[in-house]
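# Overview (structure and organization)
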Amino acid sequence: MHMTALGFIGVGLAIGLAALGSALGQGYASRGAMEGIARQPEASGNIRTTLLLALAFMEALTLFSFVIAILMWTKL
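Residues numbered from 1 in each chain as written. Predicted model: local features only at pLDDT ≥ 70, side-chain atom pairs only at ≥ 80, totals over all residues. Heavy atoms only, no water.

When helices and strands are counted, the protein shows two helices and zero strands. The C-alpha radius of gyration computed for the protein amounts to 17 Å, which surpasses the reference 11 Å derived for 76 residues by more than 25%, pointing to a less compact arrangement than a globule. Counting every position in the protein, which comprises 76 residues, the buried fraction comes to 14%. About 5600 Å² of surface is accessible on the protein, with carbon and sulfur atoms providing 74% of the total. (Helix = DSSP H or I, 4+ residues; strand = E, 2+ residues; numbered from the N terminus. Rg over C-alpha atoms; globule rule 2.2 N^0.38 Å. Buried < 20%, exposed > 50% of the residue type's maximum accessible area, 1.4 Å probe, protein only. Areas by Shrake-Rupley, 256 points an atom, 1.4 Å probe, with all protein chains shown as cover.)

We now examine a nonpolar patch on the surface. A cluster of nonpolar residues, Leu6, Ile9, Leu13, Leu17, Leu20, Leu24 and Tyr28, forms a patch on the protein surface that exposes about 710 Å² of accessible area. Mapping Leu20 onto the fold places it in helix 1 (residues 3-39). (Patch = residues over 30% accessible without salt bridge, like charges linked within 9 Å, V, L, I, M, F, W, Y side chains within 5 Å. Salt bridge = Lys/Arg side-chain N within 4 Å of Asp/Glu carboxyl O.)

Examined against the element boundaries, Glu35 turns out to sit in helix 1. Residue class for Glu35 comes out partly exposed when judged on its relative accessible area of 39%. Distance from Glu35 to Thr74, taken between C-alpha atoms, is 43 Å for residues 39 residues apart in sequence.

Put into structure tokens, the structure is as follows:
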């Protein structure tokens, strides 16, 4: 394989794994929040706020990895 082809594979893996990890993390966090709200409905406001903040941080990390992947791609 040519070095450029390996670079494109690396970029694809970088964004793919970051997106997969973020999706799994968001799914687990959402599931936990829904279970918490089901068990303690009076705490739903606090749980929802914490969930949204956690989801925003997870999404930000995914976007950072996307930017890094684009930077890797432009350097090939």
